Each structure stands twice: as structure tokens, then as C-alpha cells.
Amino acid sequence: MSHDAVGAPGTPRRYLHSLWLLSARDLKVRYATSFLGYLWSVLDPLVMSAIYWFVFTQVFHRSVGEDPYIVFLIVALLPWVWFNSSVGDFTRAFRKDSRLVRSTAIPRSIWVNRIVLSKGIEFLFSLPVLVLFAVSSGATVSWSLLWFPVAVVMQTVLLVGLGLLVAPLCVLYADLERTTALILRALFYASPIIYSFNDLPAPFDTIGAFNPLAGIFTLYRVGFFPDLWETVPVLISALMCVGILALGMWTFRALERPVLKEL
């Protein structure tokens with residue numbers, strides 16, 4: 001393929017072309033050997049939603065969340081799966097393709113961004129499930145649904161920043177891979193997924209506002225549940241996403257050479 005088609009080496013066009021090829025390769029490999037294929041991108045959040053819906057509506061008396069509760073769950077669980085699977089893959093981003101990382105001249109940040117993109121595409125592919133449950137359960141939609149793409153952008157910024165931070169550190173400190181898995185497990189319950197930010201009592205609401213996922217999940221949900229709008233966690237999340245991106249970029253530049261030596 002000519003340089004005119006993909007851009008000259010070192011240009012943003014060449015970077016984006018390579019990013020797309022790597023992300024498409026990940027998706028093809030993931031689904032080519034899978035009988036269920038696309039269904040795997042929605043099966044995990046669907047099973048989790050069904051379990052929590054059954055426990056909190058059929059077994060126990062639910063005092064958190066909104067109705068219809070299944071929509072309340074799915075609208076947060078789908079982006080959580082994107083977040084959780086991306087961060088989990090960040091811990092192996094360089095070691096998994098260490099030979100390519102060392103030998104190619106493409107900026108090494110592409111090995112992080114390809115994860116964000118491929119997992120993000122899976123997230124977008126799973127949205128019809130949300131639409132299906134919203135329609136079947138009679139959920140109402142408001143103009144606040146326009147905040148949904150803003151939440152997608154904020155989560156993308158957050159994930160890129162975390163990837164640039166986590167990926168090189170996990171190469172230099174192997175124990176961080178298991179530590180990250182434990183943190184993600186705790187973060188699931190510390191994030192407003194099975195409950196809303198409004199359900200948090202003091203002083204946990206103040207602490208919870210500094211979880212960047214709190215504001216992001218609020219933006220995902222307000223299109224279906226406008227009363228859940230909270231300005232403070234949304235603003236804090238926006239600032240934290242930008243701050244984590246800046247920290248990730250600085251850390252990545254500082255550690256890139258030691259990482260290449262370690263690989």
C-alpha cells in the first residue's frame with residue numbers, strides 16, 4: 001500500500017491507520033475462534049444484570065437505584081465492562097506483543113490506544129441491548145440522553161490516561177498485574193453501578209465524588225433518569241479525566257526507555 005493511502009511514516013495519518021489495523025486484528029482474533037462471537041460482548045453484562053436484578057428485586061427489598069431497575073443496571077454495566085476489560089488488558093499490553101513493541105517504529109502508545117479502541121467498539125456494539133431493554137421495559141428517554149456521547153468521550157480520555165500509566169508500570173513491576181485485578185474488583189462496588197451516586201450517605205458521597213466513574217456513569221444514566229443529575233461529581237470527573245491523561249502521558253514518556261530495556 002502506498003504512502004499516499006496510509007500516510008508517511010511518523011505522521012498522524014499513519015498512526016491512525018496502524019491503530020485501526022491493530023484494533024481490527026484484535027476483534028477478528030477474538031471473534032474468529034468463538035462460536036458465539038458478538039454475543040460475548042453482551043453476555044457478561046447481561047448475566048451480571050440478571051443476577052443483580054433478581055437479587056435486589058425478587059429476593060430482597062431494594063432501596064437503591066431507579067425503576068426500571070434492569071435499565072438502571074445495564075446502562076452502567078455496559079461501560080463498566082469496557083472499563084474493566086480495558087484496564088485488565090493494559091497490564092499485559094506490552095508483554096503480550098513484546099517482539100512487535102521492540103521492533104516497530106510506531107509510537108508505543110499505540111499498544112495502549114488499540115485496547116481502548118477495540119474494547120470501545122465492543123461497547124458500541126453492545127448498545128442495541130440497552131435499547132432493547134429500554135423499549136421492552138417502558139423506560140422514558142429525555143433530552144439529557146445527549147450527555148451519553150459526552151460520557152463516552154470522558155471515559156475514552158480516562159482509559160487512555162490509565163493505559164499510559166498502568167501499561168509501563170506493569171512491565172517494570174510484575175506484581176502490579178495482580179494488584180490491578182484486586183483494585184478493579186473493589187472498584188466495582190465502590191462505583192455507582194448497582195446503586196446511584198444519590199444513594200450514597202455522608203461522608204461516602206464526598207469520597208465517592210472523587211471516583212471519576214461516578215460522574216461518567218451519571219452522564220450515561222441521566223438520559224433515562226434525569227433526577228440523577230449531580231453537577232459536582234460530573235465536574236470532578238471531567239477534571240480527573242484530564243489530570244489522569246496528563247499524568248499518564250508524563251509517566252509514559254519517562255518510562256518508555258526503561259520498559260524497552262526490560263522487554
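First things first, this report covers the structure right here in the doc. (Residues numbered from 1 in each chain as written. Predicted model: local features only at pLDDT ≥ 70, side-chain atom pairs only at ≥ 80, totals over all residues. Heavy atoms only, no water.)

Take the side chain of Ser 126 next. Positionally, Ser 126 belongs in helix H7 (residues 110-136). The exposure class assigned to Ser 126 is buried, which follows from its relative accessible area of 1%. A polar contact is formed between the side chain of Ser 126 and the backbone oxygen of Phe 123, at a distance of 2.6 Å. (Helix = DSSP H or I, 4+ residues; strand = E, 2+ residues; numbered from the N terminus. Buried < 20%, exposed > 50% of the residue type's maximum accessible area, 1.4 Å probe, protein only. Polar contact = N/O pair within 3.5 Å; in protein donor to acceptor, adjacent residues only side chain to side chain.)

Moving on, we come to the packing of aromatic side chains. One pass over the full model with this rule turns up 14 aromatic pairs. Taking 6.0 Å as the distance between ring centres and 45 degrees as the angle between the ring planes, the aromatic pair formed by Phe 94 and Phe 252 counts as tilted. One end of the pair, Phe 94, is in helix H5 (residues 93-96); the other, Phe 252, is in helix H12 (residues 231-262), and 158 residues separate them in sequence. The residues Phe 94 and Phe 252 share a single accessibility class, namely buried. Through pairs of rings, three or more aromatic residues link up here, namely Tyr 52, Trp 80, Phe 83, Phe 188 and Tyr 189. Between the NZ or CZ atom of Arg 221 and the centre of the ring of Phe 72, over which it lies, the distance is 3.6 Å. (Phe/Tyr/Trp six-rings, centres within 6.5 Å; stacked < 30°, edge-to-face > 60°. Lys NZ or Arg CZ within 6 Å of the ring centre and 35° of its normal.)

Before going further, it helps to spend a moment on the packing of helix H8 (residues 147-172) against H12. At a closest axis distance of 7 Å, the pairing of H8 and H12 adopts a crossing angle of 30 degrees. Considering the angle they form, H8 stands roughly parallel to H12. Crossing of H8 over H12 shows left-handed handedness. (Axes fitted to C-alpha atoms, helices over the stretch in contact; angles between N-to-C directions. Parallel < 35°, antiparallel > 145°, perpendicular 65-115°, else oblique. Left-handed = near helix turned anticlockwise from the far one by under 90°.)

The terminal C-alpha atoms of H7, which comprises 27 residues, lie 40 Å apart, in line with the 39 Å expected from a rise of 1.5 Å per residue. Phi turns positive one or two residues past the end of H7, at Gly 138, with a value near 75 degrees. (Expected span 1.5 Å × (residues − 1).)

Turning to the side chain of Asn 211, a few remarks are in order. Within the secondary structure, Asn 211 is located in the loop between helix H10 (204-208) and helix H11 (212-221). Every residue in contact with Asn 211, bar those within four places of it in the chain, is listed here: Leu 187, Ala 190, Ser 191, Pro 192 and Ser 237. (Contact = heavy atoms within 4.5 Å.)

This brings us to the packing of H11 against H12. When two helices pack together, you describe them by how their axes are tilted relative to each other and by the distance separating the axes. Where H11 meets H12, the closest approach of the two axes is 7 Å, and the angle between their N-to-C directions is 120 degrees. By the angle class used here, H11 and H12 are oblique. The way H11 lies across H12 gives a crossing that is left-handed. Residue-level inspection shows Pro 212, Ala 214, Gly 215, Ile 216, Thr 218 and Leu 219 of H11 in contact with H12, the latter providing Pro 233, Val 234, Ser 237, Met 240, Cys 241 and Ile 244.

Turning our attention to the pattern of salt bridges. Pairs can form between side chains of opposite charge whenever their charged atoms are close. One pass over the full model with this rule turns up 4 salt bridges. Residue Lys 119 is joined to Asp 89 by a salt bridge in which the shortest nitrogen-to-oxygen separation is 3.5 Å. Taken together, the positions of Lys 119 in helix H7 and Asp 89 in helix H4 (residues 69-90) put the pair 30 residues apart, joining distant regions of the chain. For Arg 108, the salt bridge identified is with Glu 256, shortest N-O distance 3.9 Å. Within this pair, whereas Arg 108 is found in the loop between helix H6 (98-103) and H7, its partner Glu 256 is found in helix H12, the two being separated by 148 residues in sequence. Judged by relative accessible area, Arg 108 falls into the buried class, the value being 17%. A single network of salt bridges, built from pairs that share partners, joins Asp 89, Arg 92, Lys 119 and Glu 177. (Salt bridge = Lys/Arg side-chain N within 4 Å of Asp/Glu carboxyl O.)

Moving on, we get to the environment of Leu 16. Structurally, Leu 16 can be placed in helix H2 (residues 12-32). Relative accessible area serves as the criterion here: at 54%, Leu 16 is assigned to the exposed category. Sequence separation of Leu 16 and Ile 194 is 178 residues, and the distance between their C-alpha atoms is 36 Å.

With 67 residues, the main nonpolar core has Trp 80, Phe 83, Phe 90, Phe 94, Leu 130, Ile 216 and Tyr 220 as its most contacted residues. The greatest single-element share of this core, amounting to 15 residues, is contributed by H4. Dropping the residues within four chain positions of it, Phe 83 is found in contact with Gln 155, Leu 158, Leu 159, Leu 162, Leu 184, Leu 187 and Leu 213. (Core = buried A, V, L, I, M, F, W, Y, C linked by side-chain atoms within 4.5 Å.)

Counted by the stated rule, this structure contains 0 disulfides. Cysteine Cys 170 is unpaired, with the sulfur of Cys 241 as its nearest cysteine sulfur at 20 Å. On the basis of relative accessibility, which here comes to 4%, the residue Cys 170 falls in the buried class. On the basis of relative accessible area, Cys 241 is assigned to the buried category, the value being 3%. (Disulfide = S-S within 2.5 Å.)

Without other data, these values stay purely geometric and don't point to any function.
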